[in-house]
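# Observations on the three-dimensional arrangement
In case you want the letters, here they are:
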Amino acid sequence: MLFEGFPFRRGAMLGALLLTQTLSGQVPSAGEPTQVLVLGTYHFANPGLDVVKVEVADVLSEAKQAEIRAVVEALARFRPTKIAVEDLPGSADRLDQLYKAYRAGQHELSRNETEQVGFRLAAQLEHPRLFPIDYRNPFPFQAVVEWAQEHDPAFLDFLNEERERMAAESNRRQQDYTIGKILRLSNHPEELAREHGVYMRFAEVAAGDTYAGAELVSRWYERNIHIFSNLQKIAERGDRILVIIGSGHAPILRELITYHPEMSLVEALEYLPSD
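Residues numbered from 1 in each chain as written. Predicted model: local features only at pLDDT ≥ 70, side-chain atom pairs only at ≥ 80, totals over all residues. Heavy atoms only, no water.

### Observations regarding the overall build of the protein
Scanning the protein for helices and strands turns up 10 helices and five strands. Put simply, the protein has 275 residues, and 44% of those count as buried. Taking all contacts inside the protein whose residues are at least 6 apart in sequence as the whole, residues at least 24 apart take part in 79%. Summing over all exposed atoms, the protein offers an accessible surface of approximately 15000 Å²; the carbon and sulfur share of this is 52%. (Helix = DSSP H or I, 4+ residues; strand = E, 2+ residues; numbered from the N terminus. Buried < 20%, exposed > 50% of the residue type's maximum accessible area, 1.4 Å probe, protein only. Contact = heavy atoms within 4.5 Å. Areas by Shrake-Rupley, 256 points an atom, 1.4 Å probe, with all protein chains shown as cover.)

Structure representation (structure tokens):
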């Protein structure tokens with residue numbers, strides 16, 4: 001049962017009444033919902049922190065710079081009022097300084113997507129700042145691998161096959177496709193579901209024993225729920241927020257946005273270059 005075991009104390013009757021009225025539609029919400037577009041992306045700077053290693057084309061090349069400008073122009077049609085990026089809230093001052101220096105012509109954009117896409121678009125729209133919403137926590141990948149090495153070699157075979165498949169496909173796209181096309185493929189709902197499905201396979205590892213796989217999946221959800229919490233903190237009614245973040249985060253964030261009563265999910269495919 002929903003809310004079973006929830007510690008209702010003082011105000012329980014009022015809270016239940018408000019919940020009933022909200023669900024029945026008797027209390028209209030003031031203002032427009034926050035529209036959120038989650039742009040799942042690969043890491044332009046290729047810092048090598050992901051489990052799957054990819055050889056990323058140099059985004060500072062003349063050809064890739066033109067492709068990035070095309071992506072920015074397409075995203076500008078969304079008319080975001082705020083741009084949220086995959087940086088920690090504690091880095092806000094540093095981010096502000098870099099962004100202000102860029103707008104003043106005193107900073108050359110680095111390779112990362114926060115600057116290449118976020119700074120460009122924010123400056124074009126004359127935003128005063130960008131909003132860092134990331135959250136970091138331990139990711140117990142090695143514990144899963146060690147348990148599987150001893151107890152579940154079939155899972156290791158699956159994991160290695162998936163890593164090879166993902167790396168090969170990503171490297172092929174880097175060689176053959178524009179940045180716009182790569183982003184269109186990465187943000188297609190079917191691809192997001194397929195990539196997210198790999199995490200579901202992790203959950204079975206060490207079930208009934210150490211639960212190493214379930215721990216990894218719970219940590220991944222924990223990180224994304226914290227990111228969503230930071231997103232909620234900056235959201236105001238009527239906002240149009242663009243979230244620029246690694247594509248692995250997109251499935252969970254999209255789900256959370258979809259079920260938030262005061263948010264509306266906007267499909268990234270509607271605001272990306274067609275080629």
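Now that the structure has been shown, we can carry on.
### Notes on the packing of helix H8 (residues 189-202) against helix H9 (residues 212-234)
Relative placement of two packed helices is described by the angle separating their axes and the distance separating the axes. As a packed pair, H8 and H9 sit with axes 7 Å apart at the nearest point and diverge in direction by 140 degrees. Looking at the two axes, H8 sits oblique to H9. Side by side, H8 and H9 meet where His196, Tyr199, Met200 and Phe202 of the first sit next to Gly213, Ala214, Leu216, Val217, Trp220 and Tyr221 of the second. Split into classes, the residues belonging to the contact of H8 with H9 amount to eight nonpolar, two polar and no charged. (Axes fitted to C-alpha atoms, helices over the stretch in contact; angles between N-to-C directions. Parallel < 35°, antiparallel > 145°, perpendicular 65-115°, else oblique. Nonpolar A, V, L, I, M, F, W, Y, C, P; charged D, E, K, R; others polar.)

### Digging into the confidence of the model for the protein
Taken as a whole, the protein shows an average pLDDT of 89; of its residues, 86% reach a score of 70 or greater. Low pLDDT, under 50, characterises residues 1-29; the predicted model gives this stretch five contacts beyond four residues in sequence or across chains. This stretch, residues 47-51, has a pLDDT under 50; its non-local contacts, to residues over four places away or in other chains, come to four contacts. (pLDDT = per-residue confidence, 0-100.)

### Section: the sheet that holds strand S4 (residues 240-246)
The strands that make up a sheet pair up through hydrogen bonds in the backbone, lying either parallel or antiparallel. With respect to topology, five strands assemble into an open sheet ordered S3-S2-S4-S1-S5, the strand pairing being parallel. Looking along the sheet, the strands with just one partner apiece sit at the ends: strand S3 (131-132) and strand S5 (263-266). For strand S2 (residues 82-85) and S4, the ladder comprises four bridges, and the chain directions are parallel. By the bridge assignment for S4, Lys82 is matched with Ile241. (Pairing = 2+ DSSP bridges.)

### Thoughts on the pairing of S2
By the alternation rule, side chains of S2 split into Lys82 and Ala84 and Ile83 and Val85, which are all buried. With two bridges connecting them, S2 and S3 associate as parallel partners. Looking at the pairing, Val85 lines up with Pro132 of S3.

### As for the pairing of strand S1 (residues 34-41)
S1 sits mainly inside the fold: seven of its eight residues count as buried. Inspection of the sheet shows S1 paired to S5 by four bridges, in the parallel sense. Bridge assignment links Val36 to a residue of S5, and that residue is Leu265. With seven bridges connecting them, S1 and S4 associate as parallel partners. Following the sheet pairing, Gly40 is matched in S4 by Ile245.

### As for the pattern of salt bridges
A complete count under the given rule lists 19 salt bridges for this structure. Two residues, Lys64 and Glu67, come together in a salt bridge whose shortest N-O distance is 3.0 Å. One end of the pair, Lys64, and the other, Glu67, are both in helix H2 (residues 62-76), three residues apart, so they sit about a helical turn from each other. Its relative accessible area of 11% is what places Lys64 among the buried residues. Judged by relative accessible area, Glu67 falls into the buried class, the value being 16%. Across the pair Glu195 and Arg165 runs a salt bridge whose closest N-O atoms are separated by 3.7 Å. Here Arg165 lies in helix H6 (residues 153-176) and Glu195 lies in helix H8, a separation of 30 residues in the sequence. A relative accessible area of 25% means that Glu195 is categorised as partly exposed. (Salt bridge = Lys/Arg side-chain N within 4 Å of Asp/Glu carboxyl O.)

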